[in-house]
Amino acid sequence: MVKKKNPGTPPVALAASHSDRLFHEMKMEAARALAMDPQNVRALAQAIASTPAGSDPDDELCDLLTMTLDQARMAQENGQRFGGECLDAVSRHLATLSGTPGLTLGGNIAITRCYVRAGLPVPEDLTPDDQALMEEAATLSIDDDAHPETAFAALLHDALATVGDDPSMLHQAFAEILPGIPAAARRMLCRLAAANPDRRLEPLACAWLLDPSESVRSGAIDGLGDRLAAGILSAQALIRLVVLRTWIVNKSARRRLDTLVRNAIRSGISPDQAAVAPYRIVGYVSSPVDGAGAQSLGIALQKGRARSIALVLLKQQFGIKDAYIAPCASAADQRSILQQIAGPGQKGDISPEYLQAVLGIALADGLHNGAYPAPGLVDVVDACAITALRPEHDASIQAMLDRYDPEGDLASLDAKECETLIAASADWAALHPVIASWFEDRDDMFDGAESSEAQAQALWKHLETQRNFWASIIARMALLLKDRQDPLAPSFAVTARALIHGRPLKEIPIMFTIFDQTFEARLMGHSTMDDEMPEEAAEELMALMMNLMSPPKKTPKRSSRGTSPRKATSRKPK
């Protein structure tokens, strides 16, 4: 049975009960169905957008819109038309509401948070003008003639008081606030935060250097420069800056950061001291690579009796999509989560060398496609003392195969040995359940093809255009299986090589599997709720784990922007 690449089915062991799991599945299915109905999504967005002044938006409506936008985002990434149509329809509708009573300031803030939690860029029409910002500043009980910096300082204080010390929660809180502030004010707030002596804000400023917003990045660099001038930039922050400078896509931002690093070194701060991990690492695991190119990595951490887990989500062509550290209730909870990442009944252990290699490949993949890594990667690298992490110079399929086979043993195989290894790909699915997710689900594959024969021809033609995509997934699996000393690893490596060297697709059994599963998925039309299906839904897995491992809810304090900067809801991956 074929399972959709990005379904809403959470791992069984992570749900508190079967009923909880079923309820989560139903919500995801409902959100996906709603995303296919743009008219009702627009109505939902409008209901939130028109939240009256002085009132809080309805949490259940906001959760539903977040899930719907998230389903639309994943569908769009997978080439399904309804995803883009849904997002375009909502964006256009919000644009028509902008500047009218139909989009209140409170509604604007709520919609912004829905977009951020769904991993989507916030539409420009949702950014309020300066007049709206001044009206919001008035809610801080500050005199009308007060300097804007005073209002921003109050906003900063309020966010810190609400969120506490958790770096992931702090970053998320600001991620939900900043898009709702005009660019100039956003830069000012980030500069004030980065320069603030509070120790919690220094790593936040470093993470902001990876933000897609130019005003956030510039404000963070300005503030770190102010921090250096004030003599409060730490050596640990400098180590972070030296590591993440190679992760930055924008050349201008990288040059500014290089200048900051040089000035810091000249001032006497040294980044060369040995980094000491604040945690003891007790295990590494990885999921297999699913049909969307997603892969989850988990690092089990311990500090005294407290347990945590660092989670990183990789996705082909997007690089490092999400990364964060979350607490675990117990050692048993930690083990259970690691097993869920590996997959039911699957061996998930990996070596630290593999972890660093695959992170370097993902960084290079993201940079090649103009995508910043998730800011939480800074915290993960710091917690695990992975200070040597740099993007690979070459993340091509051939480079991955060279890493798999540095001695060139594959090249020495004769034709018969290669044929045997490629033929073995017919058996992969029986041993690796994740392969049930390996299929194509773009809507345009069969455009103009009416008969079954025409559709088959159209699909083979489409698969020809996807050679590199599937070769990359197979090469990544080869690296993973080699690290685990799996005897099938050479079969994956030789098959990936055959794909990039132009071997006819119909002579590669795994491509027939992908072909058949694509047609089966087309007939199904949507994922089903089958306990026997493999749990390879990496993005839903990351979101659900973040929700389940969140600390208990604190009594909320009213935010300066009308509501708590972060509420206890599922954190959607980027």
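Described below are features of the structure shown in this document.

Thresholds applied
Residues numbered from 1 in each chain as written. Predicted model: local features only at pLDDT ≥ 70, side-chain atom pairs only at ≥ 80, totals over all residues. Heavy atoms only, no water. Helix = DSSP H or I, 4+ residues; strand = E, 2+ residues; numbered from the N terminus. Polar contact = N/O pair within 3.5 Å; in protein donor to acceptor, adjacent residues only side chain to side chain. Pairing = 2+ DSSP bridges. Axes fitted to C-alpha atoms, helices over the stretch in contact; angles between N-to-C directions. Buried < 20%, exposed > 50% of the residue type's maximum accessible area, 1.4 Å probe, protein only.

With respect to the secondary-structure elements, Asp-290 resides in the loop between strand 1 (280-286) and strand 2 (294-303). At 2.9 Å, the side chain of Asp-290 forms a polar contact with the backbone nitrogen of Ala-292.

Spatially, 4 strands are ordered 1-2-3-4 in an open sheet, and the strand pairing comes out antiparallel. Whereas interior strands pair on both sides, the edge strands pair on one side only; in this sheet they are strand 1 and strand 4 (319-328). On average, adjacent strands in this sheet sit at an angle of 15° to one another, irrespective of strand direction.

Quick look at unusual backbone geometry now. Within the chain, Gln-317 stands out as a residue other than glycine whose phi angle is a positive 75°. Here Gln-317 is to be found in the loop between strand 3 (306-315) and strand 4. Looking at Gln-317, the relative accessible area reads 43%, which means it is partly exposed. Even without glycine at this site, Gln-485 takes up a positive phi of about 60°. Tracing the chain through its elements places Gln-485 in the loop between helix 21 (467-483) and helix 22 (489-500).

A few words now on the pairing of strand 3. Along strand 3, 8 of the 10 residues are buried, which leaves the element largely enclosed by surrounding structure. Summarising the sheet, strand 2 and strand 3 pair through 10 bridges and their orientation is antiparallel. Note that in strand 3 the partner of Ala-300 across the bridge is Ile-309. Between strand 2 and strand 3, which pair antiparallel one after the other, the connecting turn spans 2 residues, and Gly-304 there sits at a positive phi close to 65°. Summarising the sheet, strand 3 and strand 4 pair through 9 bridges and their orientation is antiparallel. What sits directly across from Ala-310, in strand 4, is Ile-325. Here strand 3 hands over to strand 4 after 3 residues, with Gln-317 in that stretch at a positive phi of 75°.

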